[in-house]
Amino acid sequence: MNRNRNQQASAMFVHPGFRVRHPVKSFIRKNGGSKTTQLLSGKKSRPMRARKHNAKTFPTIYYQKVRGLRTKTADLHSALSAADYDVICFTETWLNNTIKDSELTDCYTPYRCDRSETTSRFERGGGVMIGVKNNIRSSSLTEDCATCLEKVVVHLKLQNRSLYISTVYLPPYSTLAHYAQFFACMNEISNITGSEEDVFWLGKFNLPALIWTYDDDLSCYIPISATTESEMLLTESRGMLGLAQINNTDNINGRLLDLVFVSNASICELFECAEPLLRVDQHHTPFVLTLLCYLDLRTQPYEEFRLDFSQCNYAVVNNLIDNTSWSELRCAENITVATDHFYRILINIIRDNTPLKKRANKRESIRPWWNNDLKNCRNRLRKARKIYFALRNEPNKLLLRELERTYKELNSRKFNEYIQRTEQHLKADPKSFWSFIDQRKSSNGIPATASYLDKSTTDPKDAENLFMTVFRSVLSNNLPPSDEAYLNSLPV
């Protein structure tokens, strides 16, 4: 009876991506040292094993002030290739329109707000970015208010829940008007959220004199030294909107510059990361925010089978199309009904005469400089990170830190060797060089800016009007006759 209770208790604290055969405390006491040795050596481990299809997990949000990404694009691309965070939030990116999204990452969908004339009178500094894992459906929100703030608001559309995640940067000595616009933006987002939607505000607010203390009744941190108008406006607006501040990771000077406001503090747990993605600014401590609830991160149901057109009986398909009566199309009330009826008949004929083929699992993209040692090191790193997130003790933290550094060193060395080989064989094999360039320049996302002739816009509605203008310019009004004699005269 006691053994069953221990197993049930341990299951509450273990990440769902692992199978534990005995209680957590017993595992740490008996196998802590051996687990560290196994992960470092690369040998397979039996007590814990990752599931093949782990759709349900603890979502994680990583936050860091990066102090410029223009000279760190290679480091960031390498770090995110082994990262397991569902969302990453960066402040002070210092990016501009000369840096493409594909130079930063191909594992995340980036949403950026670079510094511009609208947000600041300075050209250098500032900027925020949110990256969302490619397997999570997400979209950027544009608000009518607070257009002069450096912020990004992203909506994560999950199957059983929605999240609104925002990153904002308020530079030092921001005026009261900036904090008032931030409150208006928070209020606008709160008005569109429902009961099954959670809101997260992460960012650098630059209020070093504001002191936060933990309140047991509210289960969050409350301010006790708000004196300036900006401090009072921020703290009062937080209370009016029902948001809780949960960050307590002070910097080297004992000050708290980065704040985290959430709508539901009971499902959030914040802790310092074992090893940051990029070099740390000592005045801003990177942290990880974990949501203590299972969320289904699958964006769409997995289709196991697809049509195998290589085995299609095209002779039967052609015969059925020839013998189909299309006279009903001319009797349709409009072109939309006729088109739907045409495609419905065509799809049914193809499906009835095309066998199904099992769809192969889409493998993760492999970098050209990866070898077996690097891939094994990456797998050990990801397993160690999941164990640390589940148990969060000092031995696993040290193990994760060691594996992070080992992977960074090995990945950097293999990447430099790949660059050297490409440069040496540039004349003999230029295809490899241009493949690398195309990989870094390519982008699978929707372009942020749409341009046609002398017009350019970033607004989705205006972009639709530009597309409509293009289609209208090439659409011909000289429609052919629809009588049966003309249709029979068309060549087959």
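Quick caveat: nothing in here was measured; it's all calculated off a predicted structure.

Looking at the pattern of salt bridges
Next, step 1: Scanning the model with the defined rule gives 13 salt bridges in all.
Next, step 2: We note a salt bridge from E92 to K204, for which the minimum N-O separation is 2.7 Å. Remark: K204 occurs in strand β9 (residues 197-204) and E92 occurs in the loop between β3 (87-91) and β4 (108-113); sequence separation between them is 112 residues.
Next, step 3: Under the relative-accessibility criterion, K204 is labelled buried at 5%.
Next, step 4: Among the charged side chains, a network of salt bridges with common partners joins K65, E92, K204 and D281.

Here's the deal with the pairing of β3
Next, step 1: Here β3 lies mainly inside the structure; five of its five residues are buried.
Next, step 2: Both strand β2 (residues 60-65) and β3 contribute to a ladder of five bridges, which runs parallel. Looking at the pairing, Q64 lines up with F90 of β3.
Next, step 3: Taking the sense of rotation as the criterion, the β-α-β connection linking β2, helix α3 (residues 73-80) and β3 turns out right-handed.
Next, step 4: By the bridge criterion, five bridges tie β3 to strand β5 (residues 128-133) in an arrangement that is antiparallel. Residue pairing in the sheet places T91 in a bridge with V128 of β5.

Brief notes about the side chain of D281
Next, step 1: Along the chain, D281 turns up in the loop between β14 (268-272) and β15 (287-291).
Next, step 2: Polar contacts involving the side chain of D281 include one to the side chain of K65, which spans 2.8 Å.
Next, step 3: Discounting chain neighbours no more than four positions away, the residues touching D281 are K65 and R67.

Re the packing of helix α9 (residues 372-391) against helix α10 (residues 394-424)
The angle between the axes and the distance between the axes are what describe a pair of packed helices.
Next, step 1: Viewed as axis vectors pointing N to C, α9 and α10 meet at an angle of 155°, and their least axial separation amounts to 9 Å. As the angle between them shows, α9 and α10 are arranged roughly antiparallel. For the crossing formed where α9 meets α10, the hand is left-handed. From α9, D373, L374, C377, R378, R380, L381, A384, R385, I387, Y388 and L391 reach across to α10, where they touch N396, K397, L399, L400, L403, E404, T406, Y407, L410, N411 and K414.
Next, step 2: Looking at side-chain class alone, the contact of α9 with α10 contains 12 nonpolar, three polar and seven charged residues.

A few points about the confidence of the model for the protein
Next, step 1: When pLDDT is averaged across the protein, the result is 79; 79% of the residues are at 70 or more.
Next, step 2: Put simply, helix α1 (residues 2-11) is where the protein has its lowest mean pLDDT, 43, and β3 is where it has its highest, 96.
Next, step 3: The low-confidence segment residues 298-302, where pLDDT is below 50, has 11 contacts with residues more than four positions distant or belonging to other chains.

Looking at the nonpolar core
Next, step 1: Core analysis: the largest hydrophobic core is formed by 39 residues, its most contacted members being Y62, Y85, I88, F90 and L277.
Next, step 2: For this core, the secondary structure elements donating two or more residues are α3, β3, α9 and α10.
Next, step 3: Considering every element that reaches this core, the biggest residue donor is α10, with seven residues.
Next, step 4: Apart from the residues within four sequence positions on either side, Y85 is in contact with T60, Y62, Y108, K133, C273, L277, V288, R385 and F389.

Cut-offs applied
- Residues numbered from 1 in each chain as written.
- Predicted model: local features only at pLDDT ≥ 70, side-chain atom pairs only at ≥ 80, totals over all residues.
- Heavy atoms only, no water.
- Salt bridge = Lys/Arg side-chain N within 4 Å of Asp/Glu carboxyl O.
- Helix = DSSP H or I, 4+ residues; strand = E, 2+ residues; numbered from the N terminus.
- Buried < 20%, exposed > 50% of the residue type's maximum accessible area, 1.4 Å probe, protein only.
- Pairing = 2+ DSSP bridges.
- Right-handed = clockwise from strand over helix to strand, strands pointing away.
- Polar contact = N/O pair within 3.5 Å; in protein donor to acceptor, adjacent residues only side chain to side chain.
- Contact = heavy atoms within 4.5 Å.
- Axes fitted to C-alpha atoms, helices over the stretch in contact; angles between N-to-C directions.
- Parallel < 35°, antiparallel > 145°, perpendicular 65-115°, else oblique.
- Left-handed = near helix turned anticlockwise from the far one by under 90°.
- Nonpolar A, V, L, I, M, F, W, Y, C, P; charged D, E, K, R; others polar.
- pLDDT = per-residue confidence, 0-100.
- Core = buried A, V, L, I, M, F, W, Y, C linked by side-chain atoms within 4.5 Å.

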